[in-house]
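Chain by chain, the residues:
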Amino acid sequence: MGEIYQKSPLMKILILSWRGPGHPHEGGAEKVTHIYAKSWASLGHEVTLFTSAFTGSKNLEYVDGVKVIRRGSQAFGVKIAAFLWYLFENLDKFDLVFDHFHGIPFFTPIYVRSRKIAFIHEVATQVWSLNTWPKPLNLMPAIIGRYGEPFVFKIYAGCEFLTVSNSTKSDLVNFGVDEKLITVINNGVEVDSTNSKSRMVKNKLFTVTYLGAIAKDKGIEDALKAFSISYKQDGDMQMWIVGKGHGDYVEELVRCLLYTS
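Residues numbered from 1 in each chain as written. Predicted model: local features only at pLDDT ≥ 70, side-chain atom pairs only at ≥ 80, totals over all residues. Heavy atoms only, no water.

Chemist: Explain the pairing of strand β2 (residues 46-51) to me, please; I cannot follow it from the model alone.
Modeler: Across a regular strand the side chains alternate sides, sitting on one face of the sheet and then on the other. With five of six residues buried, β2 is to be regarded as a mostly interior element. With five bridges joining them, strand β1 (residues 12-16) and β2 adopt parallel strand pairing. When the sheet's bridge partners are listed, L16 is paired in β2 with F50. Crossover β1 to β2 through helix α1 (residues 28-42) is right-handed. (Buried < 20%, exposed > 50% of the residue type's maximum accessible area, 1.4 Å probe, protein only. Helix = DSSP H or I, 4+ residues; strand = E, 2+ residues; numbered from the N terminus. Pairing = 2+ DSSP bridges. Right-handed = clockwise from strand over helix to strand, strands pointing away.)

Okay, here's the thing in structure tokens:
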């Protein structure tokens, strides 16, 4: 990965991601991807991000020096759109294609001959069964995803992987990915330098914080159960939940909390 940051030779880099800058459901993985993209662009590399469209989005724009092309829906449509665009509309010869996994990747080994890096935060495994599809349709991803995921990694045999933790690296190895092809770069944090001298006042009450998306597949319910066990042993504590969530699920979670409190 280090050679990507060199100032020369300059490269043409294509990033395929299901969500991009400005998407209402953009998460941490997409923010990290954009940080990489704008860093490469600032060094003079020509960076193109192909991602999904959303209500009010522009089909083409430049964001922090990155050319952003938006087409298709976030789940499946963007994958099909990327495939058709790459084969029949794209006129550039890219030096590197960054294939962003989020459960379902872009299957670039099938149609891309340039160097590829598969970027993945986590494997899905049991998350497939935590989808929010209505019953009984929710069984489709639970079954197809769970048993199809190992096959996906066979398609990426010989491909370089970038991930953010040793635990995901271990999961990839278990799926048959060559350990030598996996690079781990831990996620960082953006700090507002203007407030670097300010100090947070420590809460007097022991506080547990859940920081992340408020969604079933992010483990919020497990976090609540763990806090409940601790709270029963020592009630001198509190829990803060900080993050964005979809209305229906958040309302359901609040109702459950009110009922059990």
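Chemist: Can you walk me through the sheet that holds β2 in this structure?
Modeler: Pairing within the open sheet is mixed, and its eight strands lie in the order β3-β4-β2-β1-β5-β6-β7-β8. Both outer strands of the open sheet, β3 (60-63) and β8 (182-184), are each paired with one neighbouring strand and no more. In this sheet, adjacent strand axes meet at a mean angle of 25° when their direction is disregarded. In this sheet, strand β5 (residues 96-100) lies alongside β1 in parallel orientation, the contact comprising four bridges. Looking across to β5, one finds that I13 is bridged to L96. On the sheet, helix α2 (residues 77-88) packs against β1, β2 and β4 (66-70) and is oriented at approximately 135° with respect to β2. (Axes fitted to C-alpha atoms, helices over the stretch in contact; angles between N-to-C directions. Contact = heavy atoms within 4.5 Å.)

Chemist: Help me understand the packing of aromatic side chains, please; the structure alone is not making it clear to me.
Modeler: One pair of aromatic rings is described through two measures. These are the centre distance and the angle between the planes. Applying the stated criterion across every chain, the model contains 16 aromatic pairs. With centroids separated by 5.0 Å and ring planes inclined at 85°, the aromatic side chains of F83 and Y111 adopt a geometry described as edge-to-face. Linking F83 in helix α2 with Y111 in the loop between β5 and β6 (115-120), this pair joins segments that are 28 residues apart in sequence. Taken together through their ring pairs, the aromatic side chains of F101, F153, Y156, F161 and F175 make up a single cluster. A cation over a ring is seen here: K79 above F106, with NZ or CZ 5.2 Å from the ring centre. (Phe/Tyr/Trp six-rings, centres within 6.5 Å; stacked < 30°, edge-to-face > 60°. Lys NZ or Arg CZ within 6 Å of the ring centre and 35° of its normal.)

Chemist: I would appreciate a short explanation of the pattern of salt bridges in the present structure.
Modeler: If charged atoms from side chains of opposite charge come close, those side chains can pair. Using the criterion set out here, one finds six salt bridges in the structure. K12 is paired through a salt bridge with D92; the nearest N and O atoms lie 3.1 Å apart. Of this pair, K12 sits in strand β1 while D92 is found in the loop between α2 and β5, placing the two residues 80 residues apart along the sequence. Taking relative accessible area as the criterion, K12 reaches 26% and is therefore assigned partly exposed. When its relative accessible area of 27% is taken as the criterion, D92 is described as partly exposed. Across the pair R115 and E160 runs a salt bridge whose closest N-O atoms are separated by 2.8 Å. Linking R115 in strand β6 with E160 in strand β7 (residues 160-163), this pair joins segments that are 45 residues apart in sequence. Judged by its relative accessible area of 28%, R115 is partly exposed. (Salt bridge = Lys/Arg side-chain N within 4 Å of Asp/Glu carboxyl O.)

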